[in-house]
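# What the coordinates show
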Amino acid sequence: MRPELARPTNDRRAGPTFTVVEHEAADVDPSGSARRPFEFVVAPHDAELVADQLFGLGASAVSERTGRDGEVVLVADLDPAALDGTSLRARELQDDPTWATAWHDSAQAWRCGDRLVVRPVWVDPGPARPGVEEVEVLLDPDAAFGSGSHPTTRLCLAALEPLAPGTTVLDVGCGTGVLGAAALVLGSTSLVAIDIDPAAVAATRSALELNGVDERAVVSATPLAEVPGSFDLVLANLLVPIIEELGPALVAHLAPGGVLVASGLLASQVDRAVAALSPLRVEAVLREEDWVALTLR
Ligand SMILES: C[S@@+](CC[C@H](N)C(=O)[O-])C[C@H]1O[C@@H](n2cnc3c(N)ncnc32)[C@H](O)[C@@H]1O
């Protein structure tokens, strides 16, 4: 189930059609290194395609709402430089006080794995799955980038659900903090969460506090190579080039017998990820649309 993003009804190869334009990507100041909020207004049938593209450009989360005239408004956190050379048309929202809460009206709870429910705190959870004792992960109303229900996140949550209880966890690229919060809510004993983006570090701290699990967590922008210790469960919902760059360090942070969940992969990129994470072996593969999550040991 994909509650937030409409399925494209057109041929994906045809490319997106944009309905509202504020200014072209080339107008955006490319000098900033930190990610900033950008809005993209697209036709409903292109929403999913463009959201995937935004994740591919490095967004940690993408929110979606319906605009006044039926168009879809996507908001994503991006380094402005990532838009260079793309045909995407962006409006920067940094100075717009309403952008961070614009997704609230269309927010929904969503379910993944066998038991998990991810729920913005002000939203009704909806009907539970029959016979299932569900486990809730709460999202903060201040979370700027919506409910983060991208397939890569959902796959990672589904993969970690049976693995989390009793484990020490390292979440590399924690973004909104939803993976670490879920792991702790499911019974992980401790969490180290890192992200190169200070906004992600702050968002993760908020998410952990909201779920009442922050006392078992340390969140920082420490580079992976400088994180001490080894972990039973390493979560890496990262793009393939980053998995290739960090591969040996990800493997080195696994405790003996530990498990690594790698997500953020297109099906066509699995071989690259497996090579980067050698000598780990693939134990399980989860797939949704073109996205794949690997469990490796
Ligand atoms: C696709 S998002 C995943 C967010 C979140 N873990 C989730 O599953 O929803 C990837 C995150 O990795 C972070 N990141 C990218 N390169 C990184 C690196 N070298 N070390 C740590 N974090 C990194 C980005 O800032 C971003 O927040």
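Let me begin by describing the structure that accompanies this report. (Residues numbered from 1 in each chain as written. Predicted model: local features only at pLDDT ≥ 70, side-chain atom pairs only at ≥ 80, totals over all residues.)

### Observations regarding the overall build of the protein
- When helices and strands are counted, the protein shows six helices and 15 strands.
- Within the protein, the proportion of its 297 residues that are buried is 47%.
- The long-range fraction of contacts in the protein, counting pairs at least 24 apart against all pairs at least 6 apart in sequence, stands at 67%. (Helix = DSSP H or I, 4+ residues; strand = E, 2+ residues; numbered from the N terminus. Buried ≥ 20, exposed ≤ 12 C-beta atoms within 10 Å, placed from the backbone. Contact = placed C-beta atoms within 7 Å.)

### What about the site of the ligand?
- Around the ligand, the surrounding shell holds 24 residues, and the nearest of these are Ser60, Thr153, Gly173, Gly175 and Asn237.
- For the shell around the ligand, the elements supplying multiple residues, two or more each, are helix H2 (151–160), helix H3 (178–185) and helix H5 (240–252).
- It is H2 that provides the largest number of residues to the shell around the ligand, a total of three residues.
- Of the residues in the shell around the ligand, the class split is 13 nonpolar, nine polar and two charged. (Near = placed C-beta within 6 Å. Nonpolar A, V, L, I, M, F, W, Y, C, P; charged D, E, K, R; others polar.)

### Some details on the nonpolar core
- Of all hydrophobic cores here, the largest spans 61 residues; its most connected members are Leu160, Leu235, Leu260 and Ala262.
- Not counting chain neighbours up to four residues away, the residues in contact with Ala262 comprise Ala236, Ile243, Ala273, Leu277, Ala293, Leu294 and Leu296.
- The next biggest cluster of nonpolar side chains, apart from the first, holds 26 residues, and it includes Phe38, Leu49, Val50 and Ala61. (Core = buried A, V, L, I, M, F, W, Y, C linked by C-beta atoms within 7 Å.)

### With respect to the sheet that holds strand E12 (residues 231–237)
- Spatially, seven strands are ordered E11-E10-E9-E12-E13-E15-E14 in an open sheet, and the strand pairing comes out mixed. This sheet does not close on itself; its edge strands, each paired only once, are strand E11 (217–220) and strand E14 (282–288). The average undirected angle you get between the axes of adjacent strands in this sheet is 10°.
- As defined by bridge partners, strand E10 (residues 190–194) adjoins E11 across four bridges and the pair is classed as parallel. Bridge assignment links Ile194 to a residue of E11, and that residue is Ser220.
- The strands touched by helix H4 (residues 198–210) within the sheet are E10 and E11, with E11 carrying the most contacts at an inclination of about 160°. (Pairing = 2+ DSSP bridges. Axes fitted to C-alpha atoms, helices over the stretch in contact; angles between N-to-C directions.)

### Looking at the sheet that holds strand E7 (residues 116–120)
- Read from one edge to the other, the open sheet built from three strands follows the order E6-E7-E8, with strand pairing classed as mixed. The open sheet has two edge strands, strand E6 (110–112) and strand E8 (135–139), and neither has a second partner. The average undirected angle you get between the axes of adjacent strands in this sheet is 25°.
- Judged from the five bridges that link them, E7 and E8 form a sheet pairing that is parallel. Note on E8: the bridge partner recorded for Pro120 is Leu139.
- Sitting on the sheet, H3 is in contact with E7 and E8, with an inclination near 145° to E8.

### What to know about the packing of H3 against H4
- Close contact between H3 and H4 brings their axes to 9 Å; oriented N to C, the two are set at 25°. Taken together, the axes of H3 and H4 are roughly parallel relative to one another. Considering how the two elements wind past one another, H3 and H4 form a crossing that is right-handed. On H4, the residues that touch Val178, Gly180 and Ala181 of H3 are Thr204, Ala207 and Leu208.
- A class-by-class count of the residues in the contact of H3 with H4 yields four nonpolar, two polar and no charged. (Parallel < 35°, antiparallel > 145°, perpendicular 65-115°, else oblique. Left-handed = near helix turned anticlockwise from the far one by under 90°.)

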